[in-house]
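# An overview of the molecular structure
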Amino acid sequence: MEKKKAIAKITLISILVALLLVFSIISFMPKNAVKGFAGFAGSITKGMDVEGGIYASYTPSKLGTMTDAEFAKGIDSTFERINSLIEQKGYEDARVYLGSDNKIRIEAPNTDDAKKILSLIGSGEFKIKTSSSTDAETKLSGKNVTSAFAMQDPTTGYWGTYIGFDESGASALSSITERASSSSVNLFFYRGDSTSYFFTLKVSNHITNNFLFISSSNGSMQKDDAIDLAIQVSTGSFETELSINGDVYDISASGGSESLLGITIAGAVAIAFIIIIFGVVYKELGLMAILSILLFVGSTLFFMQAIPVITLSVGSLGAVLAGVILITSLHIILLEKIKSEYQLGKKLKTSIKTGYKKCVALVSEICGSIAIISTVMYFVCHGAMKSFSMIMIACSILSLIITLFFTYHLNWSYSIFNPSNAKRVNFTREENVDEIE
């Protein structure tokens, strides 16, 4: 019975490892599908130093009759709000610069979403009108907006867009919707000097609050729709009006076009070296450790593409390397402890069991400490360090689970087939040591 359980455990873990590794590297296009599967590794958002990016430059101008002092303050506020917007979108490699000439430059990853946002930032002030005619009067504008973000209605759970207004904006909103209870009012949303509205809203009640919550009665507005509307409003409600200088341009990868290939080869060589070391030094017991390390690699790639905040960059690859070193070190500690138990005179099967038990506390302390430190770094640091910290959190948790659960079951299963032959695991002890249970 024990042998059947051991075979089942080794087989199931081996299949899991094989699936993770296969789906990490293969890519395919299902029949009649719009988008194919790129593999875990290919689906990780690539950072600017690996794949390059995009940039745009903007010139701020005064809104209305701003004084020079108000304009200077408005530029600083606009700069801070753009920084906040970029950070909220999770563009870890993005950078925002404010030049001495007051021009603002934004560098971001080369994604369709980032291109859209950079284009929207220079699309002019947000405006609300009550008519779609070209000469319609602006009733509310971006300078009246205090905040805009996507959220879920706490009552229905439907996604929508929250738009907050200042005192004068709330007064104007109340005025234009005063007759909405008896006759609905249409609100048309515009940007800059565009004569085409990008969104329309039918209001059927008098709004006396200082905010609008735009949603649908049947939940048809999806999360992405709510986010897109919030971005449109946010990028049109800066304290200065931004005009884009030219267009959105490409930035070449700082690491060179061959950087990703070089990184991939280096990673493969490192993994191969670790496999050889474990196979040579610990033989069959090393094969169990190799399965666990490969499980770690496949799981890490899966989580890197699944967590939006993570980007593939030099920093994140450094975190992956640190994670590989961590899981490798933990298995060396474990195998050396098993080896020392065997050298005390215990049988191989007993050595595996007692050596493992003596490592549980140490493994937990190491992984727990790294997870705590990385969590603090995530909330304290900015930019690429957030990606680094998130990967280290994932790596420490994965290392803990794999070492204490999967490696345990692999080693236990191995001991069923080899309870006493130490030569098969390259263990030796002094001849005068008596064997004990």
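The notes below deal with the structure included here. A quick note: this is a predicted structure, and the numbers were derived from the prediction, not measured.

Okay, the side chain of Asn 144 next. For Asn 144, the position within the fold is in the loop between strand S5 (138–141) and strand S6 (145–152). The contacts of Asn 144, once residues within four sequence positions are left out, are Gly 164, Phe 165, Asp 166, Ser 168 and Gly 169.

In this section: the environment of Val 320. Summarising the element assignment, Val 320 is placed in helix H9 (residues 314–343). Each C-alpha atom of the pair Val 320 and Thr 300 lies 7.8 Å from the other, and the pair is 20 residues apart in sequence.

We now examine empty space enclosed by the protein. According to the stated counting rule, one finds 2 cavities of 30 Å³ or more in the structure shown. Along its surface, the largest cavity is lined by Leu 63, Ile 121, Gly 124, Glu 125, Arg 191, Thr 235, Gly 236, Phe 238, Thr 240, Glu 241 and Leu 242. For the lining of the largest cavity, a count of residues per class yields 4 nonpolar, 4 polar and 3 charged. There is about 30 Å³ of room inside the second largest cavity. Along the walls of the second largest cavity sit Thr 300, Phe 303, Met 304, Ile 310, Ile 391, Ala 394, Cys 395 and Leu 398, which together make up its complete lining. Put simply, the parts of the chain that give the lining of the second largest cavity at least two residues each are helix H8 (259–306) and helix H11 (384–417). The element contributing the most residues to the lining of the second largest cavity is H11, with 4 residues.

Applying the stated criterion to the full structure yields 16 aromatic pairs. Between Phe 302 and Phe 303, the ring centres sit 5.2 Å apart and the planes meet at 75 degrees, which makes this aromatic pair edge-to-face. Taking the relative accessible area as the measure of exposure, Phe 302 reaches 33% and is therefore partly exposed. An angle of 55 degrees between the planes, with centres 5.0 Å apart, marks the rings of Tyr 356 and Tyr 408 as tilted. Placement of Tyr 356 in helix H10 (residues 348–380) and of Tyr 408 in helix H11 is noted, with a sequence separation of 52 residues between them. The exposure class of Tyr 408 is partly exposed, given its relative accessible area of 34%. Joined through ring pairs, the aromatic side chains of Phe 126, Phe 189, Phe 198 and Phe 199 make up one cluster. Positioned above the aromatic ring of Tyr 190 is the side chain of Lys 129, whose terminal nitrogen or guanidinium carbon lies 4.7 Å from the ring centre.

This part takes up the pattern of salt bridges. Enumeration according to the criterion identifies 8 salt bridges in this entry. Linking Arg 105 and Glu 107 is a salt bridge whose minimum nitrogen-to-oxygen distance equals 2.9 Å. Across the pair Glu 341 and Lys 346 runs a salt bridge whose closest N-O atoms are separated by 2.4 Å. Each member of the pair Glu 341 and Lys 346 is classed as buried. One salt-bridge network, held together by shared partners, links Arg 95, Arg 105 and Glu 107.

Below, the discussion takes up the pairing of strand S8 (residues 185–191). Consecutive residues of a regular strand have side chains that alternate between opposite faces of the sheet. Counting buried positions along S8 gives 6 out of 7 residues, so the element sits mostly inside the fold. Sheet analysis places strand S4 (residues 126–129) next to S8, joined by 4 bridges and oriented antiparallel. Paired with Ile 128 across the strands is Phe 189, a residue of S8. As paired strands, S8 and strand S9 (residues 199–203) are joined by 5 bridges and run antiparallel to one another. Bridge pairing in S9 links Asn 186 to Lys 202.

The next point concerns the nonpolar core. Within the largest apolar cluster, 54 residues are counted, with the highest numbers of intra-cluster contacts made by Phe 278, Leu 285, Phe 296 and Phe 427. Only helix H1 (2–25), H8, H9, H10 and H11 provide two or more residues apiece to this core. With 15 residues, the single largest contributor to this core is H8. For Leu 285, the residues in contact, after removing those within four places along its chain, are Leu 335, Ile 338, Ile 352, Asn 411, Tyr 414, Val 425 and Phe 427.

With that settled, consider unusual backbone geometry. With phi around 70 degrees, Asn 102 is a residue other than glycine that occupies positive phi space. Note that Asn 102 resides in the loop between strand S2 (95–98) and strand S3 (104–109). Under the relative-accessibility criterion, Asn 102 is labelled partly exposed at 34%. Of note in the backbone geometry, Asn 426 takes a positive phi value of approximately 65 degrees without being a glycine. By the element assignment, Asn 426 lies in the segment after H11.

Reading across the sheet, the 4 strands line up as S5-S4-S8-S9 and stay open at both edges, with antiparallel pairing between neighbours. The open sheet has two edge strands, S5 and S9, and neither has a second partner. The mean inter-strand angle of the sheet, taken between neighbouring strand axes irrespective of direction, is 25 degrees. Of the pairings in the sheet, the one linking S4 to S5 comprises 3 bridges and is antiparallel in character.

Reading the values: rules and limits
Residues numbered from 1 in each chain as written. Predicted model: local features only at pLDDT ≥ 70, side-chain atom pairs only at ≥ 80, totals over all residues. Heavy atoms only, no water. Helix = DSSP H or I, 4+ residues; strand = E, 2+ residues; numbered from the N terminus. Contact = heavy atoms within 4.5 Å. 1 Å grid on protein atoms, 1.4 Å probe; cavity = no way out; pocket = protein on both sides within 12 Å on 5 of 7 lines; lining within 4 Å. Points joined across faces, edges and corners; volume = space filled by probe spheres on them. Nonpolar A, V, L, I, M, F, W, Y, C, P; charged D, E, K, R; others polar. Phe/Tyr/Trp six-rings, centres within 6.5 Å; stacked < 30°, edge-to-face > 60°. Buried < 20%, exposed > 50% of the residue type's maximum accessible area, 1.4 Å probe, protein only. Lys NZ or Arg CZ within 6 Å of the ring centre and 35° of its normal. Salt bridge = Lys/Arg side-chain N within 4 Å of Asp/Glu carboxyl O. Pairing = 2+ DSSP bridges. Core = buried A, V, L, I, M, F, W, Y, C linked by side-chain atoms within 4.5 Å. Axes fitted to C-alpha atoms, helices over the stretch in contact; angles between N-to-C directions.

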